[in-house]
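Spelled out from the first residue to the last, the chains are:
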Amino acid sequence: MIRQQQIESEEKTENKGRFGTFGGQYVPETLMHAVLELEDGFNQAMNDHAFLDEYREILRNYSGRPTPVTHCKRLSEKVGGAQIYLKREDLNHTGAHKINNAVGQVLLARRMGKKRVIAETGAGQHGVATATVAAYFGLPCKVFMGAVDVERQKLNVFRMKLLGAEVVPVSGGNGTLKDAINEALRYWAANVEDTAYIVGSVVGPHPYPLIVREFQRIIGDEARRQMMEQTGKLPDAACACVGGGSNAMGLFTAFLNDPVTLYGAEAGGKGTETGEHAATLAKGRLGIIHGSMTYLLQDKNGQIIEPYSISAGLDYPGIGPEHASLAESGRAHYEAITDGEAIDALVALNHCEGILPALESAHGLALAMKKAKTMRPDETILVCLSGRGDKDVNTILKVLDDHDTGNERSGEA
Amino acid sequence: MSRMNEYVNKERGMLFIPFITAGDPSEEATVELAFMLQSVGANALELGIPYSDPVADGPVIQKASQRALAGGMNLHRALRLVKKIRLRGVEIPIIVFTYGNLLLQLGRETFFREARENGIDGLLVPDLPFEESGSLAEQCKANGVDLISLVAPTTSEKRLEAIGASAQGFLYCVSSLGVTGVRKTFHPKVLSFLAKARRACDLPIAVGFGISSKDQVGALKGHADGFVVGSRIVSLIEKRAERLKKAETRAEALTEISNILKDTLLGNRKVVKKGERSTQNA
């Protein structure tokens, strides 16, 4: 704790792009021009009605927004507590919330006169979303992906290639998401003059955490309105999974000034006591990763530790700086959900509601089910169902094979 | 006068500032490599601290980091290794090159104490740009350590002026965009960029990123006061890593590296010594 205070006092003189102590611009000098230019371009775009109209028009007519809010009657009854509502980001084009941000950032890149786009991807969802929007606008697209992930996520690699993107396997480091981001940053540094880097989550140097939040807040803005229409009041709680944390920030932002309890589910992997997890807030320390000061899974010397989760979209060793700030202030509450708890929630949602969520989203659902149990039936909890689970069927199949059938696990008669 | 100003100044001819990674391939090898680099005419030494996520570095230095990490190197050990380098007879200034997170975890107080005790003259944090470095620059001044700043061809004139005015030690000019690593060509605007850097800063300006040949160094003459060489040297080390690790083959491997550097990069430079104000290293 003393170390923490010492670090904060050392760092507090630098205030640009901060959420309290967190955030900032810890990037090499070769990238400073690019992040400053991006900040300027973003500020201009957000004050341009034509730009915002085009963003909304594409999300409406291409991605199918607004996505619905679904009341899970049978699941709520089974859990026995608050009414569970889902914000259905799984119904977006490409099957996840990632498209909201990809549309926004690619539009911004075009507005800034960039000729090419690059992106990083872990599980492949953000890579697919970026490749999709790049195809829509006819822009060349390069996606950096850890070599290990390329092997694990063959289907999404194929989808990106089909969309005309070049997938660059990254073998440096551990060959996973953090290494893909490192390599994308290196490539961007060498090609800043004509290339835009489309970051997939609320991470990275300022202004990325802000940009991604603003292009994802449509999730919460829509859901807030829809909850008012359907239930006549605000939800009592809102819940989402957190890797970097883009769908969670997208949901939370609409409710920050409301009396709505906010919950974030981190990936607890095989249990936070095992060392095999991605529970950054539970087990990390303040550090610097990918240009941002935030909580970070690291060893005692400051070397970054490779996280683990059954869900490839949550195994990030850092967390968005605004989440770190919301956790510190107590405005949002973060808890770890294990692989097993996520799988149980996934099975329950299939059985009760006929919806297959992504493994990532199942973490958010699992935490919401836990919280619903402690709430009254006249209360409501809104969950961001960030993506659909078709991409995870192979992983789920392996796990459920190991534990007999899904029917038994869910306890559903 | 600080050791940095004594060895790294505009009257010393073309300044040569080599980079090696601490603990690559072993502590003993690092000590001997540092001594060898002084003997081929280095004006200062950049000692890189291995990091799991070196975002400013190309593949050669990334691999060096991994070799050094596998041997258990970390920032604290590297700072203490400098004492052994000093005992071996290395008198030129030593600049610790470390990513921000390693420094954050060690703590600044510990860093400056070790810097004082082990004879460290400079600090370079590649992912701490000017805007984030205010309080560290002040602490560096108070502790007699020069915080080395970088500027790039894409750095705006306004920022170049601000960075140049507050620079310490020397100004590190990045010759090309991207990451560290050997390249054939510089950024097309490099010469006009160096001219701007000179106007913005009274200290010596040294060019780094991608320098590997005599021709490149020759092309910089009259435009810069010095040059930094990292990946070229680290790749020579990589090819001889096993021999550098073993005591019985180390001397031979060091001689090879020293000869290659003289033939392809440096020519016959004099050893840079304290007090000799007019060492004309070309």
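What you see is a predicted model, and the numbers here were worked out from it, not measured in a lab. (Residues numbered from 1 in each chain as written. Chains lettered and ligands numbered in written order. Predicted model: local features only at pLDDT ≥ 70, side-chain atom pairs only at ≥ 80, totals over all residues. Heavy atoms only, no water.)

## A short note on the confidence of the model for chain A
Note the following rule: Per residue, pLDDT measures the predictor's confidence, with a range of 0 to 100. Here a residue-residue contact requires only that any non-hydrogen atoms of the pair lie within 4.5 Å.
With 93% of its residues at a pLDDT of at least 70, chain A reaches an overall mean of 93. Below a pLDDT of 50 lies the segment residues 408-413 of chain A, which in the model reaches 14 contacts outside its immediate sequence neighbourhood of four places, other chains included.

## Details of the interface of chain A and chain B
Put simply, the rule reads: Buried area counts how much accessible surface, traced with a 1.4 Å probe, disappears from two parts once they are put together, with both parts' losses summed. Within this document, salt bridges are pairs made up of a side-chain nitrogen of Lys or Arg and a carboxyl oxygen of Asp or Glu, the two lying within 4 Å of each other. Counting of polar contacts relies on pairs of N or O atoms within 3.5 Å, with two restrictions inside protein: one atom must be capable of donating a hydrogen and the other of accepting it, and residues adjacent in sequence are counted only when both atoms are side-chain atoms. Strands are runs of DSSP state E lasting at least 2 residues, helices are runs of H or I lasting at least 4, and numbering of each runs from the N terminus.
Residue-level contacts link 42 residues of chain A with 44 residues of chain B. Between chain A and chain B, a total of about 3400 Å² is buried, with carbon and sulfur atoms accounting for 49% of that surface. Seen at the junction of chain A and chain B, the total is three salt bridges. With its nearest N and O atoms 2.6 Å apart, the salt bridge here joins R18 of chain A to E132 of chain B. Inspection of the region where chain A meets chain B yields 19 residue pairs in polar contact (both at pLDDT 80 or more). Broken down by secondary-structure element, the contributors of at least two residues to the side of chain A that touches chain B are α1 (2-11), α2 (29-46), α9 (177-191), β11 (285-289) and β12 (292-296) of chain A. With eight residues, α9 of chain A is the largest single contributor of residues to the side of chain A that touches chain B.

## Details of the sheet that holds strand β8 (residues 195-198) of chain A
What links the strands of a sheet is backbone hydrogen bonding, and the strands pair in either a parallel or an antiparallel sense. Residues and elements named next belong to chain A. To keep it simple, the criterion reads: When DSSP finds two or more bridges between a pair of strands, those strands are recorded as paired. Axes here mean lines fitted to C-alpha atoms, for a helix over just the part in contact, with angles spanning 0 to 180 degrees between N-to-C directions.
Strand order across the open sheet formed by four strands is β7-β6-β5-β8, with parallel pairing between neighbours. At either margin of the open sheet sits one strand with a lone partner, and together these are β7 (166-170) and β8. Strand-to-strand, the axes of this sheet are offset by a mean angle of 25 degrees, without reference to chain direction. In this sheet, β7 lies alongside strand β6 (residues 141-146) in parallel orientation, the contact comprising five bridges. Bridge pairing links V143 to V167 in β7.

## Topic: the packing of helix α2 (residues 27-39) of chain B against helix α13 (residues 247-266) of chain B
All names here are of chain B. In plain terms, the rule: In this scheme the handedness of a crossing depends on how the near helix is turned from the far one: anticlockwise by less than a right angle means left-handed, clockwise means right-handed. In this classification, the charged set is Asp, Glu, Lys and Arg, the nonpolar set is Ala, Val, Leu, Ile, Met, Phe, Trp, Tyr, Cys and Pro, and all remaining amino acids, among them Gly, are polar.
In contact at an axis separation of 10 Å, α2 and α13 are set at 35 degrees when each is read in the N-to-C sense. The hand of the α2/α13 crossing is right-handed. Only R250, L254, I257, S258 and L261 of α13 make contact with α2, whose side of the interface consists of E28, A29, E32, L33, M36 and L37. The class makeup of the residues in the contact of α2 with α13 is seven nonpolar, one polar and three charged.

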